[in-house]
Amino acid sequence: MAGKRIVSIGECMIEMSGGEDRTYRLGYAGDTLNTAWYLRALLGKDWDVDYVTALGKDRYSDDIRGFLKDNHIGIDHIGTIPERRPGLYMIHQDKGDRHFTYWRDQSAAKLLADDKSALQKAVEGASLVYFSGITLAILAPKARGRLLGAIVKARDNGAKIAFDTNLRPALWSSPRVMASVLTAAASLCDIVLPTHTDEAPLFGDKSVDETADRYLELGVEEVVVKDGAKEALIATASERVRISPKPAEKVVDATGAGDSFNGGYLSARLNGKSIREAAEEAHRVAGVVIGHKGALVEPKFLK
């Protein structure tokens, strides 16, 4: 691999969590940012973690930049779209389940891949590039092509590519387009981290093994199939490992659980751990996260 640098690409949104007595806590989150957060928290200072997105010039865009910088996540490759703003979502807790309401039509992040040269510069020298199905879903078709082109170039230059398919049907024009784009993207990746219960309705997978097999057949080296509170399956061409999470001490908010799992898994692999050890660490981190409100848990709770 190249230098010890991670590049995570996607959308950072304003998060309003809580909601008790109509009182909400303002934070910042987004699937690829959440994973970057946990990578930063779990890796040593010899690693750099950069976030690639686009923001506006408004108060909250400035706050996001400051928030990331204060938490040692690189902001040098965040584009500025003056006429756009960050997206926003609210989390509603109801009977132990989460419900989300989004406002993201004018999100600046939808234009994160409009500058081809800036995008390619952002991934130069990366040892790991991470992105998701949401990253792709919010982009226009030509912008998706630019992003995937930059990812191919990064891989050709020695970067590992990790991808969470993170299916969000509401963001796509059709299931056919969603399936086609996600499959094409996965074929470029070294590590894919799908969620079986999300994938099964779209692809017809009858088991976690079928989900893993589908990606292995595309040439993916390492498939990490999450399945909620059930065991995770980690599959390569020569090995299959199944790891169950320990029972959670408490479940406060499951927001960001899968993203933190990804951060735990990838950080362990980058530190030379086996796929079994990485999956155990991933479950541990996710178990901590679901015991706290919001997607981002303070690093001190993760040790």
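Up top you'll find the structure we're talking about.
Just so we're clear, the structure is a prediction, and the values are computed from it rather than from any experiment.

## Things to note about the pairing of strand E1 (residues 5-9)
Thought 1: Of all 5 residues in E1, 5 are buried, a share of seventy percent or more.
Thought 2: One ladder, built from 5 bridges, connects E1 with strand E4 (residues 48-52); its direction is parallel. By the bridge assignment for E4, Ile6 is matched with Val49.
Thought 3: As defined by bridge partners, E1 adjoins strand E9 (residues 128-132) across 3 bridges and the pair is classed as parallel. Note on E9: the bridge partner recorded for Ser8 is Tyr130.

## Quick notes on the sheet that holds strand E10 (residues 160-164)
Thought 1: Taken in spatial order, the 8 strands line up as E4-E1-E9-E10-E11-E12-E13-E14 in an open sheet, and their pairing is mixed. Looking at strand neighbours, the two that pair on one side only are E4 and strand E14 (240-243), the edges of this open sheet.

## Section: the layout of surface pockets
Thought 1: The space that makes up the largest pocket amounts to roughly 1500 Å³.
Thought 2: Around the largest pocket, the lining comprises 49 residues; the ones closest to its centre are Ala254, Gly256, Ala257, Gly258 and Ile290.
Thought 3: At the level of secondary structure, the elements contributing two or more residues to the lining of the largest pocket comprise helix H1 (31-42), strand E8 (97-103), helix H7 (196-203), helix H9 (257-270) and helix H10 (275-289).
Thought 4: It is H10 that provides the largest number of residues to the lining of the largest pocket, a total of 6 residues.
Thought 5: Of the residues assigned to the lining of the largest pocket, the class counts are 20 nonpolar, 14 polar and 15 charged.

So, how was this worked out
Residues numbered from 1 in each chain as written. Predicted model: local features only at pLDDT ≥ 70, side-chain atom pairs only at ≥ 80, totals over all residues. Heavy atoms only, no water. Buried < 20%, exposed > 50% of the residue type's maximum accessible area, 1.4 Å probe, protein only. Helix = DSSP H or I, 4+ residues; strand = E, 2+ residues; numbered from the N terminus. Pairing = 2+ DSSP bridges. 1 Å grid on protein atoms, 1.4 Å probe; cavity = no way out; pocket = protein on both sides within 12 Å on 5 of 7 lines; lining within 4 Å. Points joined across faces, edges and corners; volume = space filled by probe spheres on them. Nonpolar A, V, L, I, M, F, W, Y, C, P; charged D, E, K, R; others polar.

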